[in-house]
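# Commentary on secondary and tertiary structure
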Amino acid sequence: MGFFDKLKDKVEQQLGQGHHQNQPQGNYYASPPPQQYTHQQPYAPPVPGNKPASLLPPDSPPSESDVYRHRQQVGANLGGLFVGERWISDEIYAACPSDDSHKSEWSAVDSAVRAYGWEDTKTGLERHWETFITESDLDDLVKMGGNSVRVPIGYFSLSRPELLAGTPYEPLGYLYGGCWSRVETLLRACRARGVGVLLDLHCVPGGANGDAHAGTDSGRSEFWENDYFRELAVRCIEFLCGAVADLHPNVIGIQVINEPTWHQHDLAQQYYTRCLDVARAHGNIPIYIGDCWELTKTADFAANHTSSYPYDFLVIDHHYYYCFAEPQTSMKVPALTSMVQSLGESGGELSEASGKGDGVNVVVGEWSCTLSGNSTNGCGDGDARAFGRTQLQTYTRPGLSGGAWFWTLKFQVRNMSNTWDLRDMVHRKVLPSNLRPQVNLPSSQHELDTNIAHIVSTLTAPHAAYWDAQPNAEASDFDGHRRYSAGAKLALEDCAGFGRHGGSLIGFRKQWTRTRVAGLVGAGGDGDHPAAWEYRHGYEAGLAEFDKLCVGSLQE
């Protein structure tokens, strides 16, 4: 008996037969799949290590993948593409009963096989993957200023039958044999447009929560009930890291779970640690984690992990919606706008989470402009615009959040006023026509170099005057504050380098600063010098000065 067969037997013994709602047992299709797959070699755990993702010499510019991963991310989700969501696109649900117990991808595909057979179902799925999001849609996103997309996928999207063993999708593996190649086609189309991609494992084996977007209509989150499902998910992350590490530099990260259910922090953190081990063995690919709807508590975990592994690229994904629950659904739009604004202020949720330890990476993976009828009653277009734009500005503020993705880019049917559809929100001017601020760079390299030299001098002078005036300060201790100047100069050069890539800003600032300063210290050979801290202080000062001088505001 093979490795996965043993694991499958184990999970069936633990969970018993018939535990998946709406999943008939046995050989229940009219005919078996016309093709069988061979299992690949079992997963081998990586050897843990700890090194910077990109230890660049100070005279080397950021690489393509450095820019994609570290820049400020602004864009949209591609909801409904590789994970069925009936309310976004019902194309694959034609054979499904129209009731609330048949909203998942599994129900759509199961019903289609029963009604149309294997080949027609496979053809229909592939047509949906190829046509729901088009190159024209990606062009529209770029015109709106978007520079990245968050792409929900399932463990079934990886086209690896061994990763389906013991799950409801195991009998359906044949239908997904061509899915991963479509994901890679999307990755290439995005790269051709300078668009980064966050691959979001929206559906993990067993389901991260009980909602239909977790993959089934079982109503259960069995991912937390059985260690086999979590082990299978780690193998999915191993596949993803290996598949994208060298071939797709525009993959900005891998999200290992979506919206994990409340109060599962202990198991979640064990899983996240395993995934980080895998990513570290593949060049420290950024790993995005869910926060179990408790951002501050998850930020504590991230801060503690970063203290031990400062170069692991760990990012927390939090979602903000104001249309589902009290007290938000009873609040008027101006009050909600103030609530959003407070997130980034001192003591606010985003400010507190991102400021923990040496800095925690946070993003807003999902947000929208949708509000309850109670909230919008008596409010006008100006209130809607203020609410939408305050969200955008807060969720994408450098140093506070690494970026945000609107839910979602498009719906199958467009009505020009859908508050869940990014295109409609830009069309109605609820959101600006350019989702990112303008980066203004000098027109020539000579002018840029001259400006940088002037700014470095301007920054260094007051810094040097302050520290040289301190009691017992010796000039030799600081060596003319060359380290501070070197840090500020490199920061300004990096900002300009990012800016040349489609007007990008450095988004994950603490992450990039840790990596970049490590290169400075290494090149200087004075990591143990008592004034080595000046490299980082200078770098941070350079980042802040670039924002003041070269970054504009959001435009209409």
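Scroll up to find the structure this text is about.
Heads up: these notes are all about the structure in this document. (Residues numbered from 1 in each chain as written. Predicted model: local features only at pLDDT ≥ 70, side-chain atom pairs only at ≥ 80, totals over all residues. Heavy atoms only, no water.)

### So, the sheet that holds strand E4 (residues 251-255)
Rules: Strand pairing is assigned whenever DSSP identifies at least 2 bridges connecting the two strands. By the criteria applied, helices consist of DSSP H or I runs no shorter than four residues and strands consist of E runs no shorter than two, each listed in order from the N terminus. Working convention: axes come from line fits to C-alpha atoms, limited for helices to the stretch in contact. Angles between N-to-C directions cover 0 to 180 degrees. The contact criterion used throughout is that any non-hydrogen atoms of two residues lie within 4.5 Å.
Read once around its circumference, the closed barrel built from eight strands follows the order E1-E2-E3-E4-E5-E6-E7-E8, with strand pairing classed as parallel. Direction aside, the axes of adjacent strands within the sheet are offset by 30 degrees on average. In terms of strand pairing, strand E1 (residues 73-77) meets strand E8 (residues 403-406) through four bridges, oriented parallel. Its bridge partner lying in E8, Val-74 is registered against Ala-404. Sheet strands in contact with helix H7 (residues 227-244) are strand E2 (148-154), strand E3 (196-203), E4 and strand E5 (287-290), and its direction is about 175 degrees off that of E4.

### Observations concerning the nonpolar core
Cut-off, in case you're wondering: Think of a nonpolar core as a cluster: buried Ala, Val, Leu, Ile, Met, Phe, Trp, Tyr and Cys residues, connected wherever their side-chain atoms sit within 4.5 Å. Each residue's exposure class comes from its accessible area (1.4 Å probe, protein chains only) as a fraction of the maximum for that residue type: buried when under 20%, exposed when over 50%, partly exposed otherwise.
Membership of the largest hydrophobic core comes to 119 residues, with the highest contact counts inside it found for Tyr-176, Ile-237, Tyr-271, Tyr-395 and Leu-422. By size, the runner-up hydrophobic cluster in this structure holds 28 residues, among which are Val-439, Leu-448, Leu-505 and Trp-512.

### What to know about the side chain of Glu-259
This is how it is decided: Counting rule applied: Lys, Arg positive; Asp, Glu negative; His and chain ends not counted. Note on definitions: salt bridges are taken to be side-chain nitrogens of Lys or Arg within 4 Å of carboxyl oxygens of Asp or Glu. By the criterion applied in these results, polar contacts are pairs of N or O atoms within 3.5 Å in which, for protein atoms, one can donate a hydrogen and the other can accept it, and in which residues neighboring in sequence qualify only through two side-chain atoms.
Note that Glu-259 resides in the loop between E4 and helix H8 (265-280). Here Glu-259 sits buried without a salt bridge, and the closest side chain of opposite charge, Arg-150, lies 6.6 Å off (N-O distance). A distance of 2.8 Å separates the side chain of Glu-259 from the side chain of His-319, its partner in a polar contact. Beyond its immediate stretch of four places on either side in the chain, Glu-259 contacts Ala-208, Asn-209, His-213, Trp-293, His-319, Tyr-321 and Glu-366.

### Focus on the environment of Ile-252
Residue position: Ile-252 is located in strand E4. Judged by its relative accessible area of 0%, Ile-252 falls in the buried class. Separated by 103 residues in the primary sequence, Ile-252 and Val-149 place their C-alpha atoms 9.5 Å from one another. Residue contacts for Ile-252: discarding those within four places in its chain leaves Tyr-68, Arg-69, Gln-73, Ser-148, Gly-196, Val-197, Leu-198, Pro-286, Tyr-288 and Trp-405.

### What about the pattern of salt bridges?
Taken as a whole, this structure holds 30 salt bridges when the rule is applied. The salt bridge partner of Arg-182 is Glu-130, with a shortest N-O separation of 2.6 Å. Here Arg-182 is found in helix H6 (residues 179-191), whereas its partner Glu-130 is found in helix H4 (residues 118-131), with 52 residues between them in sequence. Salt-bridge contacts for Asp-421 lead to Arg-423; the nearest nitrogen and oxygen are separated by 2.7 Å. An identical accessibility class is assigned to Asp-421 and Arg-423; each is buried. Each of Lys-122, Glu-126, Glu-130 and Arg-182 takes part in one network of salt bridges that share partners.

### A closer look at helix H13 (residues 381-395)
In plain terms, the rule: In this analysis, the expected span of each helix is defined as 1.5 Å times one less than the number of residues it contains.
Here H13 is 15 residues long and its end C-alpha atoms lie 21 Å apart, about the 21 Å a rise of 1.5 Å per residue gives. Buried residues of H13: Phe-387, Gly-388, Arg-389, Thr-390, Gln-391, Leu-392, Thr-394 and Tyr-395, and no others. At its buried positions, H13 is contacted by E1, strand E6 (314-322), helix H10 (333-343), helix H11 (349-354), strand E7 (361-371) and E8.

### Considerations on the environment of Arg-483
Residue placement: Arg-483 occurs in helix H17 (residues 482-499). Sequence separation between Arg-483 and His-537 is 54 residues, and the spatial gap between their C-alpha atoms is 9.1 Å. Beyond its immediate sequence surroundings of up to four residues, Arg-483 is in contact with Asp-477, Phe-478, Asp-526, His-529, Ala-531, Ala-532, Glu-534 and Tyr-535. A distance of 3.5 Å separates the side chain of Arg-483 from the side chain of His-529, its partner in a polar contact.

### What about H10?
Cut-off, in case you're wondering: Each C-beta atom gives one direction from the helix axis, and the arc is the one those directions make.
Every buried residue belonging to H10 is among Val-333, Leu-336, Thr-337, Val-340 and Leu-343, and all of these are buried. The buried residues of H10 occupy an angular sector of 110 degrees when the element is viewed end-on, so they sit on one face. Along its buried surface, H10 packs onto E6, H11, E7, helix H12 (373-376) and H13.

### Some remarks on the packing of H7 against H8
Here is the rule: Oblique is the label for any angle not under 35 degrees, not over 145, and not in the 65 to 115 range, which are roughly parallel, roughly antiparallel and roughly perpendicular in turn. Two helices crossing with the near one rotated counterclockwise from the far one by less than a right angle form a left-handed crossing, whereas a clockwise rotation gives a right-handed crossing. Residues were grouped as follows: Ala, Val, Leu, Ile, Met, Phe, Trp, Tyr, Cys and Pro as nonpolar; Asp, Glu, Lys and Arg as charged; and all remaining residues, including Gly, as polar.
One way to put it is that H7 packs onto H8 with a least axis distance of 9 Å and a crossing angle of 30 degrees. Regarding the angle of H7 to H8, the classification is roughly parallel. The handedness of the crossing between H7 and H8 is right-handed. Contact with H7, carried on its side by Arg-230, Glu-231, Ala-233, Val-234, Ile-237, Glu-238 and Cys-241, involves Leu-267, Tyr-271, Arg-274, Cys-275, Val-278 and Ala-279 of H8 and no other residues of that element. Of the residues that constitute the contact of H7 with H8, the class distribution is nine nonpolar, no polar and four charged.

### Quick notes on unusual backbone geometry
The amide bond that connects Glu-326 to the next residue, Pro-327, takes the cis arrangement and shows omega of 5 degrees. Its location among the elements puts Pro-327 in the loop between E6 and H10. Here the bond from Trp-407 into Thr-408 is cis, since omega is 5 degrees, no more than 30 degrees from zero. Relative to the helices and strands, Thr-408 is located in the loop between E8 and helix H14 (422-427).

### Considering the packing of H17 against helix H19 (residues 533-550)
For the pair H17 and H19, interaxial distance at closest approach is 6 Å and the crossing angle is 40 degrees. The orientation of H17 relative to H19 falls into the category oblique. The handedness of the crossing between H17 and H19 comes out as right-handed. Across from Arg-482, Arg-483, Tyr-484, Ala-486, Gly-487, Ala-488, Leu-490, Ala-491, Leu-492, Asp-494, Cys-495 and Ala-496 in H17, the residues of H19 making contact are Glu-534, Tyr-535, His-537, Gly-538, Tyr-539, Ala-541, Gly-542, Leu-543 and Phe-546. Considered class by class, the residues forming the contact of H17 with H19 number 13 nonpolar, four polar and four charged.

The analysis is restricted to geometry; functional conclusions fall outside its scope.
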